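# Structural features, examined
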Amino acid sequence: ALRLDGPTRGDLIDPHGGRLDLEHGRLRVLHERSFIDDATRILRGVRYEQRFGFVFEAHTLLLLEQGVPYLDCISPDRVRHEFERTFEEDEPEQAMLRLDTLRVLSAIHAALDFDERKASSFLHGRASASGARPDIVYWCMLLWGVSRSDSGEIASRLNLPRRVSTPVADAVAL
């Protein structure tokens, strides 16, 4: 925050050391229950980590790993929205790889995974989507190799809208 009054107007107020974290490219939570209070911070944090080339501070990473089971407490729409925001990134495959490494995807559904093959498909799909909605292409690629029953469970778990779930089901069937 910046002071808005008196002779110190414009001075930085930084009680938590955020400026140093920014300068050092560090992501750090403000309190121990951050990921428990709102587990979507895990998905957002990974997105920011990849977008800005930051790294999680060691204790924050530990808290993140401990907070992964709390994703079950988050509504399907909120989890899906975080995926949608990730798909809007320039290189969403980087965040998806990181989410897989942190076992976040498998916590959302046991059949969800993301590897270099899928990362490569995101890259190629982005380059050749020609008119297709990139988010739908990404959803299809994310569920590539998942069984029909698992894809239905994932669609339900994330409350995928019909405009997404129908092409995903078709891709899984193929």
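Small disclaimer: the values here were computed from a predicted structure and weren't measured.

Attention shifts here to the overall build of the protein. Scanning the protein for helices and strands turns up 11 helices and two strands. Along the protein, helices and strands appear, N-terminal first, in the series α-β-α-α-β-α-α-α-α-α-α-α-α. The dimensions of the protein, computed from C-alpha atoms along their principal axes, are 65 × 35 × 25 Å. For the protein, the residues scored as buried account for 40% of the 174 residues in total. The long-range fraction of contacts in the protein, counting pairs at least 24 apart against all pairs at least 6 apart in sequence, stands at 66%. Just so you have it, the protein exposes about 9800 Å², and 53% of that area is on carbon and sulfur atoms. For the protein, the centre of its 23 positive side-chain charges and the centre of its 28 negative side-chain charges are spaced 3 Å apart.

Ranked by internal contacts, the top residues of the largest apolar core, which has 45 residues, are Phe83, Met96, Val104, Ile108, Trp139, Leu142 and Leu143. A per-element tally of this core places helix H9 (residues 134-142) first, with seven residues.

What follows covers unusual backbone geometry. With glycine set apart, most residues show a phi of negative sign, and most peptide bonds adopt trans. Even without glycine at this site, Arg103 takes up a positive phi of about 65°. Locating Arg103 in the fold gives a position in the loop between helix H6 (92-101) and helix H7 (104-108). The class of Arg103 is exposed, set by a relative accessible area of 61%. Positive phi values are uncommon outside glycine, yet Asn159 reaches one of about 50°. Note on placement: Asn159 falls in the loop between helix H10 (148-157) and helix H11 (162-173).

The next point concerns the packing of aromatic side chains. What the rule picks out here adds up to nine aromatic pairs. Plain terms: the ring middles of Phe52 and Phe54 are 5.8 Å apart, the flat faces sit at 45° to each other, and that makes the pair tilted. We classify Phe52 as partly exposed; its relative accessible area is 46%. According to the relative accessible area criterion, Phe54 is buried, its value standing at 18%. Taken together, a centroid distance of 6.3 Å and an interplanar angle of 50° make the contact between Phe83 and Phe87 tilted. Of the two residues, Phe83 and Phe87 both sit in helix H5 (residues 76-87), four residues apart, roughly one turn of that helix. For Phe87, a relative accessible area of 5% puts it in the buried group. A connected cluster of aromatic rings, assembled from ring pairs, spans Phe83, Phe87, Phe114, Phe122, Tyr138 and Trp139.

Structurally, Thr40 is set in helix H3 (residues 40-52). In this structure the side chain of Thr40 is engaged in a polar contact, spanning 2.5 Å, whose partner is the side chain of Asp38. In terms of polar contacts, Thr40 uses its side chain to reach the side chain of Arg78, at 3.1 Å. When neighbours within four sequence positions are excluded, Thr40 is seen to be in contact with Ile74, Arg78 and Glu82.

Calculation rules
- Residues numbered from 1 in each chain as written.
- Predicted model: local features only at pLDDT ≥ 70, side-chain atom pairs only at ≥ 80, totals over all residues.
- Heavy atoms only, no water.
- Helix = DSSP H or I, 4+ residues; strand = E, 2+ residues; numbered from the N terminus.
- Buried < 20%, exposed > 50% of the residue type's maximum accessible area, 1.4 Å probe, protein only.
- Contact = heavy atoms within 4.5 Å.
- Areas by Shrake-Rupley, 256 points an atom, 1.4 Å probe, with all protein chains shown as cover.
- Lys, Arg positive; Asp, Glu negative; His and termini not counted.
- Charge placed at Lys NZ, Arg CZ, Asp CG, Glu CD.
- Core = buried A, V, L, I, M, F, W, Y, C linked by side-chain atoms within 4.5 Å.
- Phe/Tyr/Trp six-rings, centres within 6.5 Å; stacked < 30°, edge-to-face > 60°.
- Polar contact = N/O pair within 3.5 Å; in protein donor to acceptor, adjacent residues only side chain to side chain.

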